[in-house]
Amino acid sequence: MSYHVDAYLVSGQKLKALTSGKKDHLETILKDIDSKRSASDFVQRLDAEFAEDHVQGCPTAPEALQALVKGQAQQVTEWEYMYGYALQLLCETYGTTLGNAGFEAVNSVELLVDLEVFSARVLKLRVYDEFFAMPPDLPLPLSEYPMIGFLPLSRAQKIAANFNQLNLEHPDFGKSLATIQSWVDQMLIEKQDLVTFFY
């Protein structure tokens with residue numbers, strides 16, 4: 001089984017505003033999705049991939065998005081993973097997609113576990129906790145899949161300093177760590193937060 005990692009530069013405050021349920025942003029969001037090719041393509045891929053689940057009652061991408069925007073995505077359902085993808089749709093619409101070269105060959109979640117142990121020992125940084133674990137910083141949808149991580153810009157400078165002390169030639173983790181380092185560098189350049197998805 002293959003796994004996939006996506007990462008986005010995006011404003012955490014914007015995501016928070018869009019998913020607070022205090023205002024119905026759905027009409028504007030749908031227009032923005034239609035105007036951005038990668039976002040509209042993402043909707044089509046989701047609905048095609050989960051077509052059989054939709055027959056069983058799983059919400060479509062627009063339906064999941066509507067629940068997320070109304071602040072209803074924290075409800076426990078067997079289809080809660082679609083709320084995670086709805087959040088990714090917001091990132092696809094309002095964020096910048098980052099490269100994921102260091103994770104292209106991921107075939108097991110164990111890579112993240114091993115990367116966590118290595119980074120905690122060498123970097124004094126827990127890569128899994130920082131980049132892939134569900135954090136309390138945003139009202140993220142209640143979903144264990146995809147795994148969603150949020151790193152605020154305020155923590156990027158310290159993490160970047162840790163990376164600067166590391167030799168990224170490690171045979172097992174070098175490419176993954178170099179990719180994560182590039183994400184942090186881009187955060188600092190663009191002054192944006194980071195959201196990651198692992199599935």
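The following paragraphs examine the structure supplied in this document. For every chain, the first residue of its written sequence is number 1, and the numbers climb from 1 along that sequence. The predicted origin of the model limits local features to residues at a pLDDT of at least 70 and limits the giving and counting of side-chain atom pairs to 80 or more, whereas totals for whole chains, interfaces and linings rest on all residues. Just so you know, side-chain values use all the structure's heavy atoms and leave hydrogens and water out.

**What to know about the pattern of salt bridges**
Every case where a carboxyl oxygen of Asp or Glu lies within 4 Å of a side-chain nitrogen of Lys or Arg is listed as a salt bridge. Applying the stated rule across the entire model yields two salt bridges. The closest approach of N and O atoms between Glu27 and Lys31, which form a salt bridge, is 3.6 Å. One end of the pair, Glu27, and the other, Lys31, are both in helix α2 (residues 26-35), four residues apart, so they sit about a helical turn from each other. When a residue's accessible area, from a 1.4 Å probe over protein chains only, is under 20% of the maximum for its type it is buried; when over 50% it is exposed; and in between it is partly exposed. Note on Glu27: relative accessible area 58%, which makes it exposed. The partner of Asp41 in a salt bridge is Arg37, with the nearest N and O atoms 3.3 Å apart. In this pair, Asp41 and Arg37 both sit in helix α3 (residues 37-49), four residues apart, roughly one turn of the helix. A helix here means a DSSP run of H or I that spans at least four residues, while a strand means a run of E at least two residues long, and both kinds are numbered starting from the N terminus.

**Brief notes about helix α9 (residues 156-164)**
Turning to α9, its buried residues number three or more, namely Ala156, Ile159, Ala160, Asn162 and Phe163. The buried residues of α9 all sit within an arc of 155° when viewed along its axis, so they share a single face. Residues Gln157, Lys158 and Asn164 are exposed on α9 and point more than 90 degrees away from its buried face. An arc is given here, and it is the one of the directions from the helix axis to the C-beta atoms.

**What about the packing of α2 against helix α6 (residues 81-94)?**
Lines fitted to C-alpha atoms define the axes, with helix axes restricted to the stretch in contact, and inter-axis angles between N-to-C directions lie between 0 and 180 degrees. Close contact between α2 and α6 brings their axes to 9 Å; oriented N to C, the two are set at 60°. Our classification of the angle between α2 and α6 gives oblique. Both α2 and α6 take part in a crossing whose hand is left-handed. On the side of α2, the interface is formed by Thr28, Ile29, Asp32 and Ile33, while α6 contributes Leu89, Leu90, Thr93 and Tyr94. Polar here means any residue outside two lists: the nonpolar Ala, Val, Leu, Ile, Met, Phe, Trp, Tyr, Cys and Pro, and the charged Asp, Glu, Lys and Arg; Gly therefore counts as polar. Of the residues that constitute the contact of α2 with α6, the class distribution is five nonpolar, two polar and one charged. Our angle categories are set so that under 35 degrees counts as roughly parallel, over 145 as roughly antiparallel, 65 to 115 as roughly perpendicular, and the remainder as oblique. In this scheme, a crossing is called left-handed if the near helix is turned counterclockwise away from the far one by less than a right angle; it is called right-handed if the turn is clockwise. Should any heavy atoms of two residues lie within 4.5 Å, those residues are counted as being in contact.

These values are about where atoms sit, not about what they do.
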